[in-house]
Amino acid sequence: MAEMTAPTIRTETVSAWKEEHRPLLDRAMRAVADREYWNAYEEDRAAYGPDAEKAGERLFREQLDRPFELEQPGTDGWVGPGGERSPFGFDLGVSYPHSRPEVLLPAVSGAAAAWAEADPWTRAAVCAETLSRINADSHAFAHAAAHTSGQGSLMAFHAGAAHAQDRGLEAVAQILSEQTRLPDRVLWRKPTGQGWETLTKSFSSVPRGTGLVVGGAVVPVWNTYPGLFASLAAGNGVVVKPHPRAVLPLAMTVRTARQVLREAGFSPNTVCLAVERPGEELARVLARRPEVRVVDYTGTSAFGEWLEENCPQAFVFTQKSAVNPLLVESTDDYSGLVENLAFTLALYSGRLCTAPQNLFVPEAGIATDQGHRSLERFVGDVGDAVTGLLSDGAPSAELLGAIGDESVLEAWDRAASGALGEVLYRGPRVTHPAYPEALFRSPLLVRAAPGANTTLTEYPGPVGFVVPTASAEEALRFMGHSARTGGTLTAGLHTTDVALMERAERFAREYGVHLSVNLTGPWLLTQSSVFSDVHGSGANPASNSADLRGAFLTSRFTVVGVRRRIRETG
């Protein structure tokens, strides 16, 4: 139900936050305009102080094996414990409040009324304060990310904390820029035969309505923050529906947002958490509610397509399955290529949506600065590099990350059995001395024929398909076919041929694929620079929009103008 009493906005608190966060917001708006390197939140774990890591782990542990209190409307019981199990081998034991959708959604809509009336700078300052507090607890968020998604500690700190926070701030800055593009008020005078026609015109940004953010299990915070903070900054209430295996990081996010809203004098129910019971299919129920006007989703193509087809009342933004290729034609830095590719294949068990799956290599081999390399020699060299990376105990396990998804383990076992083709490389067995029950799977490289079914759909886990081709042109044709049918987010190219680079760029523009050329240093095909790179394009089935560009932003609000005629005298 709607809020019964109007909130009292604490103007002194909000004014202090505006003053404190104005330089950060101004800098973020410049960053998204010039697209040069900048980050708002420190990615170096040591920068948070000598005791920050231990304090973060302690905060994370304090939340385990107990109810997660939120005091939300419509609560009718608890979900868990038992839904979340760390891929590193232990149950989190957290239970979360369950809210009835028919109560929760109207409550969020009612609570957001005062939030919608606030000016864009007020909303941006409240969002910036929320992100600031989340950033202060970055180590705790990193532990929550690691023990729900299986990320190694360094990646968890980046994808589950600092870089995700940058993504949230980028969304706030983009919305603020869009909502302050027009003046609040203008005096409009047009000369006529009788003198002047004079009007005052005012322009107001009006939010669309409640946003629903449906989180995934792989990198839930990094993927969720753009939609969450874009909708919130635009003036909408937000319901966050996490994946059942990765609730804690988003529950912590919602709790912080509710605390900040309360301190500012807004209703905390402007942001709520929606946790589903086993078999409830809550996302389907919430997404079709009339209050929901914006849906953000990251996950499998099947459910993403269902959302696109069954939610006519809402703007639906989806990031779905992707089949990403890498074409290796030639190189002038063979060692750098091999090292970069090995690290890319091993990082987080190849589970990132930007990780390469299909490795296109000429049947005749590749020209390098170290001489000709046959296809077999190239695969062997990459395999040796992967083996070297994964033969170092705990650091190797941290790089690879643990897997807690049975379907991924089953898919890996099937590929390892040879059922999908000849296994060209199988990585070493990896264990973590601190987590003996954790399950790890090293990368596999499997030979596949061009156009094989396995190369046209996303295959889960650390399985790469080596696709021998007659020529680079043939490889580009197959890459285009895969992008059109299965969807592609990113593609990679290694070549010394300038003409091939140009043809690959034409492929990228035609199929809406972000292209990386000759990455041989520490920057990986899987990495995305916040405030600079664009994630997704909306031009092929992997996504229906580009994150933090165009319709992704402006569909969350509209602009209403009011004109008043003024009679001039004299």
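In every chain, residue numbers begin from 1 and rise along the written sequence. Totals for whole chains, interfaces and linings use all residues, but because this is a predicted model, local features are given only for residues with pLDDT of at least 70 and pairs of side-chain atoms are given and counted only at 80 or more. Think of the side-chain values as coming from all heavy atoms in the structure, minus any hydrogens and water.

## Regarding the sheet that holds strand 9 (residues 271–273)
Hydrogen bonds between backbone atoms are what pair the strands of a sheet, whose relative direction is either parallel or antiparallel.
Part 1 of the argument: By the convention used here, strands pair only if DSSP detects at least 2 bridges between them. Each helix corresponds to a stretch of at least 4 residues labelled H or I by DSSP, and each strand to a stretch of at least 2 residues labelled E; elements are numbered beginning at the N terminus. The strand order 9-8-7-10-11 describes an open sheet built from five strands, whose pairing is parallel. The open sheet has two edge strands with one neighbour each: strand 9 and strand 11 (315–319). Each strand of the sheet is rotated relative to its neighbour by a mean of 15°, with strand direction disregarded.
Part 2 of the argument: In this structure, strand 7 (residues 210–214) lies alongside strand 10 (residues 292–298), joined through five bridges in parallel fashion. In the strand pairing of strand 10, Gly211 is matched with Val294.
Part 3 of the argument: Contacts from helix 3 (residues 101–117) reach strand 7, strand 8 (238–241), strand 9 and strand 10, with the element oriented near 140° to strand 8.
Part 4 of the argument: Should any heavy atoms of two residues lie within 4.5 Å, those residues are counted as being in contact. Orientation is described by lines fitted to C-alpha atoms, with helices fitted over the stretch in contact, and by angles between N-to-C directions that extend from 0 to 180 degrees. Across the sheet, helix 8 (residues 248–264) is in contact with strand 8 and strand 9; its angle to strand 9 comes to roughly 150°.

## Notes on the side chain of Thr200
Part 1 of the argument: Along the chain, Thr200 turns up in strand 6 (residues 195–207).
Part 2 of the argument: Contact partners of Thr200, with chain neighbours within four places excluded, come to Arg185, Val186, Leu187, Val562, Arg563, Arg564 and Ile566.

## A short note on the state of the cysteines
Part 1 of the argument: Pairs of cysteine sulfur atoms within 2.5 Å are identified as disulfides in what follows. In the structure shown here, the tally under the stated rule is zero disulfides.
Part 2 of the argument: The thiol sulfur of Cys127 is not disulfide-bonded, and the nearest other cysteine sulfur, from Cys272, lies at 15 Å.
Part 3 of the argument: Three labels apply to residues, based on accessible area from a 1.4 Å probe with only protein chains included: buried if under 20% of the type maximum, exposed if over 50%, partly exposed otherwise in between. Taking relative accessible area as the criterion, Cys127 reaches 0% and is therefore assigned buried.
Part 4 of the argument: The structure places no disulfide on Cys311, whose sulfur is separated from the nearest cysteine sulfur, that of Cys272, by 20 Å.
Part 5 of the argument: Accessibility expressed as a relative area gives 3% for Cys311, which makes it buried.

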